[in-house]
Amino acid sequence: MLSLRTLLFCGGRNVGKGLQSNNKSPHLRQWLVKRGQSTITAEVGAPTARAAGAVPNAASNRIVGRWLLGCSGLVVGAVVLGGVTRLTESGLSMVDWHLVREMRPPRTPEEWEAEFAKYQQFPEFKIMNHNMTLPEFKFIFYMEWGHRMWGRLVGLAYILPTVYFWKKGYFTRSLKGRVVGLCGFVFFQGLLGWYMVKSGLEEKPESHDVPRVSQYRLSAHLGSALLLYCASLWTGLQLVLPVNKLADTARLTQLRRFAKGTGGLVFLTALSGAFVAGLDAGLVYNSFPKMGERWIPDDLLAFSPTLRNLFENPTTVQFDHRILAVSSLTAITGLYAYSRRVALPRRARVAISLLTAMAYSQVALGIGTLLLYVPTPLAATHQSGSVVLLSLAIWVLAELRKVAK
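The structure displayed is predicted, hence computed values, not measured ones.

**Remarks on the pattern of salt bridges**
A full pass over the atoms with the stated rule returns 13 salt bridges. The salt bridge involving Asp 96 is made with Lys 118; its shortest N-O contact spans 2.7 Å. With Asp 96 in the loop between α3 (55–87) and α4 (109–119) and Lys 118 in helix α4, this residue pair connects regions lying 22 residues apart in the sequence. Judged by relative accessible area, Lys 118 falls into the partly exposed class, the value being 30%. Of the charged contacts, one joins Glu 115 and Lys 118 as a salt bridge, the two residues approaching to 3.6 Å between their closest N and O atoms. Here the residue Glu 115 and the residue Lys 118 both occupy positions in helix α4, the gap between them amounting to 3 residues, near one helical turn. Salt bridges sharing partners connect three or more residues here, namely Glu 102, Glu 144, Arg 148 and Arg 152.

And the structure:
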């Protein structure tokens, strides 16, 4: 096509020259010359225009990445608010689950009395809160209501932009699968939350313990929230952060493996905290580094069969959380020391340094929470610190990731 246009242009020039030589139709000659030049310019410039079309793709990646980072921030808010709800024992105040109807809280005195009457029919009021007044009930109700509304906000923040970006063509094929998975996980997280609450509303005549949700369901609910957060943060960082061009040496490969193992250990430690919260295990032994007068308490394996102790014995659950926390601190310290021997860009070094500093701060918060008998503000800060620590671990992994081939 280009050769044909060039031929026509040259022919036009020859015709123009012929006309010029005869001093006839100068306007026709000028038109033929301009027509040929504009045609060739359009053909030669076409690849450049097509190449420029790649710029919106990079821009859309930044937009999607920032959106996912914003969604991960909302998930952090849900985790923190859920922890405070648990610490204030507010999670069982709403005894019904409706996707839309419960978005409007009670307003009139009659509606509040009706809601309070429903709460009075369940074990938590009968066993623990039988002297509770209506103003006290309103406090725990609003705590749980705020947590549920925040969860709905998280769902909308994932689903509505997904529909918009999908129509705009901002997603690659692989990214479409990830985003659909994230949206499905949000829906699953909501159902799992209600399944958890139901376990605390059930009558248990054979049990004389205080009503609480199942520690298994609580851990599953927290674990799924952390997975949603990690997946959103990781994907967002991949789209926003430029990849570091690192020399692929044996030490760097070992550092990557070390960082992955450390990140997994941090995640496991955070998840074990859900069992501590679910069993109120932080109130069992309030001393450190020993548990009471012993390094290993006598009732560590008091339950039978032995496996039950890992998930149902408060002493064992606290002991395991201590071991995991100290192991995470040791691993992060080792990661920091090993990273000094590897040539890394400044951003990666900053990420590892912040991870190390946060690890020591988190352990200090945990010890303080334990020694002071789990005060709500300090305990909430400790729970939030676990998410910060996990975030920094993911950032380190994002900085050390390989360049895609």
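**Concerning the nonpolar core**
Trp 67, Tyr 158, Leu 255, Leu 344 and Leu 355 are the most contacted members of the largest nonpolar core, which totals 52 residues. The set of elements that each furnish at least two residues to this core consists of α3, α6 (134–168), α7 (173–201), α8 (215–240), α9 (250–278), α11 (314–339), α12 (346–371) and α13 (376–400). Here the element with the most residues in this core is α13; it accounts for 9 residues. The residues contacting Tyr 158, other than those within four sequence positions of it, are Trp 67, Cys 71, Ser 72, Val 75, Leu 182, Cys 183, Val 186, Leu 228 and Ser 232. With 10 residues, the next largest nonpolar core counts Met 94, Phe 116, Tyr 119 and Met 132 among its residues.

**A short note on a nonpolar patch on the surface**
On the surface, a nonpolar cluster with roughly 610 Å² of combined accessible area is contributed by Trp 97, Leu 99, Val 100, Met 103, Phe 187 and Leu 191. Along the chain, the position of Leu 99 falls in the loop between α3 and α4. What makes Leu 99 exposed here is its relative accessible area of 51%.

**A closer look at the confidence of the model for the protein chain**
Mean pLDDT over the protein chain stands at 87; residues scoring 70 or higher make up 84%. Scored below 50 in pLDDT, residues 1–25 makes 14 contacts in the model with residues more than four places away or belonging to other chains. Counted against residues more than four places away or in other chains, residues 37–56, with its pLDDT under 50, gives 5 contacts.

**Details of the side chain of Arg 217**
Mapping Arg 217 onto the fold places it in helix α8. The charged side chain of Arg 217 is buried without a salt bridge, its nearest counter-charge being Glu 202 at 4.4 Å. Apart from the residues within four sequence positions on either side, Arg 217 is in contact with Tyr 195, Met 196, Lys 198, Ser 199 and Glu 202.

**Re the packing of aromatic side chains**
Enumeration over the complete set of coordinates arrives at 20 aromatic pairs. Between Phe 137 and Phe 141 the ring centres are 5.8 Å apart and the planes differ by 50 degrees, which places this aromatic pair in the tilted class. Residue Phe 137 and its partner Phe 141 are located together in helix α6, separated by 4 residues, close to a single helical turn. The class for Phe 137 is buried, based on a relative accessible area of 0%. Note on Phe 141: relative accessible area 2%, which makes it buried. Here Phe 165 and Tyr 170 contribute two aromatic rings whose centre-to-centre distance is 5.5 Å and whose plane-to-plane angle is 20 degrees, an arrangement assigned as stacked. Given the relative accessible area of 8%, Phe 165 is considered buried. Ring pairs connect the aromatic residues Trp 112, Phe 116, Tyr 119, Phe 125, Phe 137, Phe 141, Tyr 142 and Trp 145, which therefore count as one cluster.

**Some words on the packing of α8 against α13**
In contact at an axis separation of 10 Å, α8 and α13 are set at 35 degrees when each is read in the N-to-C sense. In the packing of α8 onto α13, the handedness of the crossing is right-handed. Packed against α8, whose contacting residues are Leu 226, Tyr 229, Cys 230, Leu 233, Trp 234 and Leu 237, the element α13 presents Val 387, Leu 390, Ser 391, Ile 394, Trp 395, Leu 397 and Ala 398 at the interface. Classifying every residue of the contact of α8 with α13 by side-chain character gives 12 nonpolar, 1 polar and no charged.

**Looking at the packing of α11 against α12**
Packing of α11 against α12 leaves a shortest axis separation of 10 Å and a crossing angle of 155 degrees. Considering the angle they form, α11 stands roughly antiparallel to α12. Crossing handedness for the pair α11 and α12: left-handed. In contact with Gln 318, Arg 322, Ala 325, Leu 329, Ile 332, Thr 333, Leu 335, Tyr 336 and Ser 339 of α11, α12 contributes Arg 349, Ile 352, Ser 353, Leu 355, Thr 356, Ala 359, Tyr 360, Val 363 and Leu 370. Per-class residue counts for the contact of α11 with α12 are 11 nonpolar, 5 polar and 2 charged.

**With respect to unusual backbone geometry**
Residue Pro 289 is reached from Phe 288 by a cis peptide bond, and omega for that bond is 5 degrees. Residue position: Pro 289 is located in the loop between α9 and α10 (309–312). In the segment running from Ser 304 into Pro 305, the intervening peptide bond is cis, with an omega of 0 degrees. Its place among the elements puts Pro 305 in the loop between α9 and α10.

**Topic: the side chain of Thr 269**
Topologically, Thr 269 is positioned in helix α9. By relative accessible area, which is 10% here, Thr 269 ends up buried. A distance of 2.8 Å separates a polar side-chain atom of Thr 269 from the backbone oxygen of Leu 265.

Rules and cut-offs
- Residues numbered from 1 in each chain as written.
- Predicted model: local features only at pLDDT ≥ 70, side-chain atom pairs only at ≥ 80, totals over all residues.
- Heavy atoms only, no water.
- Salt bridge = Lys/Arg side-chain N within 4 Å of Asp/Glu carboxyl O.
- Helix = DSSP H or I, 4+ residues; strand = E, 2+ residues; numbered from the N terminus.
- Buried < 20%, exposed > 50% of the residue type's maximum accessible area, 1.4 Å probe, protein only.
- Core = buried A, V, L, I, M, F, W, Y, C linked by side-chain atoms within 4.5 Å.
- Contact = heavy atoms within 4.5 Å.
- Patch = residues over 30% accessible without salt bridge, like charges linked within 9 Å, V, L, I, M, F, W, Y side chains within 5 Å.
- Areas by Shrake-Rupley, 256 points an atom, 1.4 Å probe, with all protein chains shown as cover.
- pLDDT = per-residue confidence, 0-100.
- Lys, Arg positive; Asp, Glu negative; His and termini not counted.
- Phe/Tyr/Trp six-rings, centres within 6.5 Å; stacked < 30°, edge-to-face > 60°.
- Axes fitted to C-alpha atoms, helices over the stretch in contact; angles between N-to-C directions.
- Left-handed = near helix turned anticlockwise from the far one by under 90°.
- Nonpolar A, V, L, I, M, F, W, Y, C, P; charged D, E, K, R; others polar.
- Parallel < 35°, antiparallel > 145°, perpendicular 65-115°, else oblique.
- Polar contact = N/O pair within 3.5 Å; in protein donor to acceptor, adjacent residues only side chain to side chain.

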